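Tertiary structure, described
Given next are the chains, with one letter for each unit.
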Amino acid sequence: MVYRYNSRDGSVLRNAPRKFRSHSILVHILISKQIVTRALLDKSNYTDSVTQSPYFAGIISGSIVWFTYAWLTRLIHLTESHPFIHLTLAITIGLCAYNFFRAICLDPGSCPKPSNDAELKSIIEELASQGRLNGQTFCIQCMARKPLRSKHCRICNRCVARHDHHCPWVWNCIGVNNHRQFLVFVMTLVLGIILFDYLTFEYFSTIPIPTDPASISPSCILPTSLCAITAYDTFLFSVAAWSTLQLSWTLVLLVTQLWQVARQMTTFEVSNLGRYGFMGGRGGASLHGQMGHQHRHLPSEDSAEGAIGGAHPHRHSHGMCAGCGSGFLMSILGFDRFTKGKAADGLARAAKAPNPFDLGLIGNCKDFWSRGQELGVEYERLYDVPLEGFAEAKRRREESEDLHVNDGGRKSLRNKLFMGLGLGRSSRAGYEPLSQV
């Protein structure tokens, strides 16, 4: 049958000469290219829409399902000589899936907002009287006071206590309430992939795989042994290859997260060290500068904290990955916070930078798993750094609590929140530039 090309809308009609067929195909290819490049791959549109959707969380969910299916239908029956590894892998899969969905469902640690206008007015007047009404202490999007180590996530549209980063893979922010679940998820994911790859290697090593060229596809570009393996069990080989690919970046993520936990720091704070030289970012950020948060052309959510100069903080990417076509991939994996602009210097500075929250390796790990109990703080209401330090402030607070136990045996609310509300002597000098606090 012969078709005719319609030049108005690019459609193909019947009874057209053959020479128009290739022209119509070319037009459709060009139109498709324009749609992909302008609509789908445009960073300002595509990155935001994808990170706000459960797309990447769905990829992780599907990967766990196929991973478990391949293990149950193939490996568990033909590698029976490794019962301990199978038991460990079963526990690992269960913990990985549980903590993955917990990281999605848990509130990451939303910061409290004023309950009424009178409370909001009181907060603004207090900060203004102290000369501290700025973008570091007050969030103009939430109209609420910002605790230390918190950040307003423009994707979730809320301030998150001890904000680490927004992770599209778990479709949620990572904050004080779900950071533990996220870390366990990454740890078990890495361990599970390593165990799965080992069992896959044992599986292909113990079964006889035919290497007859007749059973191998001539289009296979891999070495002969790998071509024979893919021809024997394409599904298992594909799952193992996909899992190993994920291992490359999850291993880097795991090492980075463990190092930050040991240093009592978050991804956001390491990035601030690279940009501004202080964990808390640039002190004295004006409220006027926060209006730059609203512009959708900003490169990422982290630029919200850097929009200090005015209402139109146009930024350009000059990081180590700028221009190499990997910006979107680095953004999705969460590595752009270390590779974008001056943020790349954050990891180098973090080892020597002053950190008022640092309690040493053991103390930092305890504080991470106890969500602030080691420091004696509630991160959702932590507004100042005590002049005497957190350890001494905690000791004094405990002594004060022992002296103010009421008749019912319940501790005074005022003393319980002494640290969190920033009562008494306090300073943010160890967290931000002293001259701008």
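First things first, this report covers the structure right here in the doc. (Residues numbered from 1 in each chain as written. Predicted model: local features only at pLDDT ≥ 70, side-chain atom pairs only at ≥ 80, totals over all residues. Heavy atoms only, no water.)

Time to look at the overall build of the protein. When its secondary structure is counted, the protein shows 17 helices and eight strands. Taking as baseline every contact in the protein between residues at least 6 positions apart, the subset at least 24 positions apart corresponds to 64%. When the accessible area of the protein is evaluated, it comes to approximately 22300 Å², of which 61% is carbon and sulfur surface. (Helix = DSSP H or I, 4+ residues; strand = E, 2+ residues; numbered from the N terminus. Contact = heavy atoms within 4.5 Å. Areas by Shrake-Rupley, 256 points an atom, 1.4 Å probe, with all protein chains shown as cover.)

Taken as a whole and judged by the stated rule, the model has seven salt bridges. A salt bridge links Asp107 to Arg158, with the nearest nitrogen and oxygen atoms 3.9 Å apart. Here Asp107, found in the loop between α4 (83-105) and α5 (117-129), pairs with Arg158, found in strand β6 (residues 158-160); they are 51 residues apart in sequence, far enough to count as distant. Here Asp107 falls in the partly exposed class, since its relative accessible area comes to 38%. Relative accessible area serves as the criterion here: at 23%, Arg158 is assigned to the partly exposed category. Ionic pairing is found between Asp358 and Arg263, a salt bridge with its closest N-O pair at 3.5 Å. Here Arg263 lies in the loop between α8 (234-262) and α9 (267-276) and Asp358 lies in the loop between α14 (346-350) and α15 (360-370), a separation of 95 residues in the sequence. (Salt bridge = Lys/Arg side-chain N within 4 Å of Asp/Glu carboxyl O. Buried < 20%, exposed > 50% of the residue type's maximum accessible area, 1.4 Å probe, protein only.)

Counting residues in hydrophobic clusters, the biggest one holds 26 residues, and the most contacted among them are Phe100, Val170, Phe182 and Phe185. Only α3 (55-78), α4, α6 (179-206) and α8 provide two or more residues apiece to this core. For this core, the element with the most residues is α6, which contributes seven residues. Within the second largest apolar cluster, 22 residues are counted, among which are Ala144, Leu148, Ala161 and Ala353. (Core = buried A, V, L, I, M, F, W, Y, C linked by side-chain atoms within 4.5 Å.)

Take α3 next. In this model α3 runs 34 Å from its N-terminal to its C-terminal C-alpha over 24 residues, within 8% of the 34 Å that 1.5 Å per residue would give. At Trp71, α3 shows its largest kink, close to 40°. If you check which residues of α3 are buried, you get Phe56, Ala57, Ile60, Ile64, Phe67, Thr68, Ala70, Trp71 and Leu75. (Expected span 1.5 Å × (residues − 1). Bend = angle between axes of the 7 residues up to and from the residue.)

What follows concerns the side chain of Glu269. Counting through the fold element by element, Glu269 comes out in helix α9. Looking at Glu269, its side chain comes within polar contact range of the main-chain nitrogen of Thr266, at 3.1 Å. Ignoring sequence-local partners within four residues, the contact set of Glu269 consists of Arg149, Gln264, Met279 and Tyr431. (Polar contact = N/O pair within 3.5 Å; in protein donor to acceptor, adjacent residues only side chain to side chain.)

Per the counting criterion, the structure on display carries twelve aromatic pairs. An angle of 85° between the planes, with centres 5.1 Å apart, marks the rings of Tyr55 and Phe56 as edge-to-face. Relative accessible area serves as the criterion here: at 8%, Phe56 is assigned to the buried category. Feature note: the residues Tyr55, Phe56, Trp169 and Trp249 constitute an aromatic cluster, connected by ring pairs. When the ring centre of Phe357 is taken as reference, the NZ or CZ atom of Arg149 above it lies at 4.6 Å. Seen from the ring of Phe268, Lys151 lies directly overhead, with NZ or CZ sitting 5.7 Å from the centre. (Phe/Tyr/Trp six-rings, centres within 6.5 Å; stacked < 30°, edge-to-face > 60°. Lys NZ or Arg CZ within 6 Å of the ring centre and 35° of its normal.)

A few words on the environment of Ser205. Within the fold, Ser205 resides in helix α6. Of note is the side chain of Ser205, whose polar atom sits 2.6 Å from the backbone oxygen of Phe201.

Turning our attention to the packing of α3 against α6. The contact between α3 and α6 brings their axes to 11 Å, and the two run at 35°. When the axes of α3 and α6 are compared, the crossing they make is left-handed. Between α3 and α6, the residues in contact are Ile60, Phe67, Ala70, Trp71, Arg74, Leu75 and Leu78 and Phe185, Gly192, Ile193, Phe196, Leu199, Thr200, Tyr203 and Thr206, respectively. Classifying every residue of the contact of α3 with α6 gives eleven nonpolar, three polar and one charged. (Axes fitted to C-alpha atoms, helices over the stretch in contact; angles between N-to-C directions. Left-handed = near helix turned anticlockwise from the far one by under 90°. Nonpolar A, V, L, I, M, F, W, Y, C, P; charged D, E, K, R; others polar.)

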